Amino acid sequence: MKRVAVLGGGITGVTTAYALVQRGVDVTLIERHRYAAMETSYANGGQLSASHAEVWNHKATILNALKWMARRDAPLLLHPWPSWHKLSWFAEFLAAMPDYERNTIATARMAIAAREHLFAWAAQENIDFDHRRAGILHVYRDQRGFERAAGVSRLLAQGGLQRRTVTPQEMRAIEPALAGDFYGGYFTDSDSTGDIHKFTAGLADACARRGVACRYGTQVKALAREQGKLRVSMDDDSTVFDAVVICAGTASRAMAAMLGEHVNVYPVKGYSITVQLDDAASREAAPKVSLLDDATKLVSSRLGVDRLRVAGTVEFNGVNHDIRADRIRPLLQWVEQCFPGVNTRKVIPWAGLRPMLPAMLPKVGPGKAPGVYYNTGHGHLGWTLAAATAEMVATMVSKAVAASSSATNR
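Since the model is a prediction, treat every value here as computed from it, not as a measurement.

About the criteria used
- Residues numbered from 1 in each chain as written.
- Predicted model: local features only at pLDDT ≥ 70, side-chain atom pairs only at ≥ 80, totals over all residues.
- Heavy atoms only, no water.
- Salt bridge = Lys/Arg side-chain N within 4 Å of Asp/Glu carboxyl O.
- Helix = DSSP H or I, 4+ residues; strand = E, 2+ residues; numbered from the N terminus.
- Buried < 20%, exposed > 50% of the residue type's maximum accessible area, 1.4 Å probe, protein only.
- Pairing = 2+ DSSP bridges.
- Axes fitted to C-alpha atoms, helices over the stretch in contact; angles between N-to-C directions.
- Contact = heavy atoms within 4.5 Å.
- Core = buried A, V, L, I, M, F, W, Y, C linked by side-chain atoms within 4.5 Å.
- Parallel < 35°, antiparallel > 145°, perpendicular 65-115°, else oblique.
- Phe/Tyr/Trp six-rings, centres within 6.5 Å; stacked < 30°, edge-to-face > 60°.
- Lys NZ or Arg CZ within 6 Å of the ring centre and 35° of its normal.

Caption draft 1: Here's a closer look at the pattern of salt bridges. Applying the stated criterion to the full structure yields 23 salt bridges. The shortest N-O distance in the salt bridge between K198 and D130 comes to 3.3 Å. You can see K198 sitting in helix α7 (residues 196-209) and its partner D130 sitting in the loop between α4 (100-125) and β5 (136-140), a full 68 residues away along the chain. K198 gets classed as partly exposed once you look at its relative accessible area, which sits at 31%. When its relative accessible area of 16% is taken as the criterion, D130 is described as buried. E315 serves as the salt-bridge partner of R324, at 3.6 Å between the closest nitrogen and oxygen.

As structure tokens, then:
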């Protein structure tokens with residue numbers, strides 16, 4: 001049997017390993033941390049949100065970035081000091097702006113396709129990940145934002161997703177706990193939420209039960225082509241595989257460079273807080289429906305009975321894992337303003353680096369070198385898209401492995 005290495009144990013790597021082992025492939029999952037899902041797949045916003053499929057390659061993103069550069073607590077913070085990586089990324093980002101509509105539609109289609117696989121895998125492996133099918137409510141504080149969202153809804157509809165407009169009164173009926181003044185909103189009842197870390201850890205356990213060799217705490221030091229195969233050099237070992245799938249998040253760029261390829265993933269930092277709802281009054285005052293506040297660029301998800309996750313903000317600051325108080329503060333203030341009855345005494349802050357490609361679409365499929373495949377660059381939608389892209393790349397790899405085996409046996 002041909003051997004395939006999956007590099008990276010976050011949501012994309014674990015779903016890829018699972019999709020491959022289901023196809024009878026001999027899989028080794030290599031992850032530098034001691035457990036699966038310890039970086040960007042640890043504490044994200046929790047939304048499985050096809051309704052958030054709009055790519056960012058739009059003039060509104062550029063204008064906001066320029067407008068907010070002087071604000072340390074801005075929803076989108078672009079640090080002014082340049083680097084070649086940042087400059088090259090933004091050049092490609094601007095070049096992709098003409099594809100804004102097409103890429104948004106394509107992302108919506110992938111997000112819808114991902115649901116079927118993710119839900120089926122969770123049921124098949126009996127994974128409890130605090131899944132809640134209560135829809136996602138997008139809220140808008142002014143007419144301008146609300147009307148721009150109407151254009152986004154038309155693009156999402158072309159991708160197969162329906163979301164409906166709701167008045168402020170209807171918003172209150174959907175989520176009675178929400179406080180504040182809003183112009184209107186959009187509601188997508190087919191969207192849902194869940195704990196990405198619990199799902200990924202559960203699926204990683206399922207991978208191990210099904211025969212995946214999970215090598216945790218193992219750092220990939222080098223990748224090289226060798227006599228038609230791929231050599232993966234690790235901390236204390238060097239192993240030859242018939243194929244590798246790079247699912248390494250922000251580390252994918254460096255791994256691709258080892259093979260002479262350019263995969264321009266940039267680490268876009270996001271923050272989250274997990275509010276522990278320890279008392280009955282807080283549990284009652286916290287939202288049960290997932291929200292996306294367009295003005296603040298924040299999302300919220302209820303995870304189980306006693307947790308509220310609030311996440312968002314965008315920070316272009318290179319590889320930087322610092323959790324800054326001035327970036328966490330707006331998330332906490334949002335909870336206090338929108339859900340004043342929630343006790344915010346116990347809050348856990350977190351920051352993660354989203355692996356983002358300039359065109360805002362993940363790189364899924366073969367690289368330039370034979371036997372090299374990618375499933376990376378999902379940006380802020382890794383949780384939403386991973387099951388679909390894992391199926392896509394697993395189909396490609398398993399077919400290639402089967403064809404290679406047939407040729408060898410002739």
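Caption draft 2: Quick peek at the sheet that holds strand β1 (residues 3-7). The 6 strands lie next to each other as β9-β2-β1-β13-β20-β19, forming an open sheet whose pairing is mixed. Two strands in the sheet have a free side with no partner beyond their single neighbour: β9 (213-215) and β19 (363-366). Geometrically, the sheet is characterised by an average inter-axis angle of 20° between neighbouring strands, direction not taken into account. Sheet analysis places strand β2 (residues 26-30) next to β9, joined by 3 bridges and oriented parallel. By the bridge assignment for β9, T28 is matched with A213. Of the strands in this sheet, β1, β2, β13 (243-246) and β20 (372-376) are in contact with helix α1 (residues 11-22), which crosses β2 at around 170°.

Caption draft 3: Seen up close, the nonpolar core. Ranked by internal contacts, the top residues of the largest apolar core, which has 41 residues, are L20, F199 and V245. Of all the secondary structure elements, the ones that give two or more residues to this core are β1, α1, β2, α4, α7, β13 and α11 (382-409). Sort the elements by how many residues they give to this core and α11 lands first, with 9 residues. Leaving out residues up to four positions away in the same chain, L20 has contacts with V4, V6, V25, V27, V245, A394, V397 and S398. Counting 29 residues, the second-largest nonpolar core is a separate cluster that includes V55, F93, Y100 and L385.

Caption draft 4: Fine view of the pairing of strand β18 (residues 347-356). Counting buried positions over the 10 residues of β18 gives 7, a clear majority of the element. Relative to β18, strand β14 (residues 266-276) runs antiparallel, the two sharing 10 bridges. Across the sheet, residue S272 finds its bridge partner in β18, namely W350.

Caption draft 5: Just the pairing of strand β10 (residues 220-226), in detail. Inspection of the sheet shows β10 paired to strand β11 (residues 229-234) by 6 bridges, in the antiparallel sense. Within the sheet, the bridge partner assigned to V220 lies in β11 and is M234. Between β10 and β11, which pair antiparallel and follow one another directly, the connecting turn spans 2 residues, one of which, Q227, has a positive phi of 50°.

Caption draft 6: Just the packing of α1 against α4, in detail. Remark: α1 packs on α4, axes separated minimally by 13 Å, with the N-to-C direction vectors making an angle of 70°. With respect to α4, the element α1 is oriented roughly perpendicular. Along the contact surface, α1 presents T15, Y18, A19 and Q22, while α4 presents W121, Q124 and E125.

Caption draft 7: Molecular detail of the packing of aromatic side chains. Applying the stated criterion across every chain yields a total of 16 aromatic pairs. With a centroid separation of 6.4 Å and 75° between ring planes, the pair formed by Y140 and F146 is classed as edge-to-face. In terms of burial, Y140 and F146 fall into one category: buried. Summarising the aromatic geometry, the rings of W334 and F339 are spaced 5.7 Å apart at their centres and angled 65° between planes, so their arrangement reads as edge-to-face. Of the two residues, W334 and F339, both sit in the buried class. In textbook terms, an aromatic cluster arises when at least three aromatic residues are bridged by ring pairs, as seen for W89, F90, F93, Y266 and F316. Looking at R133, its charged tip hangs above the ring of F119, at a distance of 4.2 Å from the centre.

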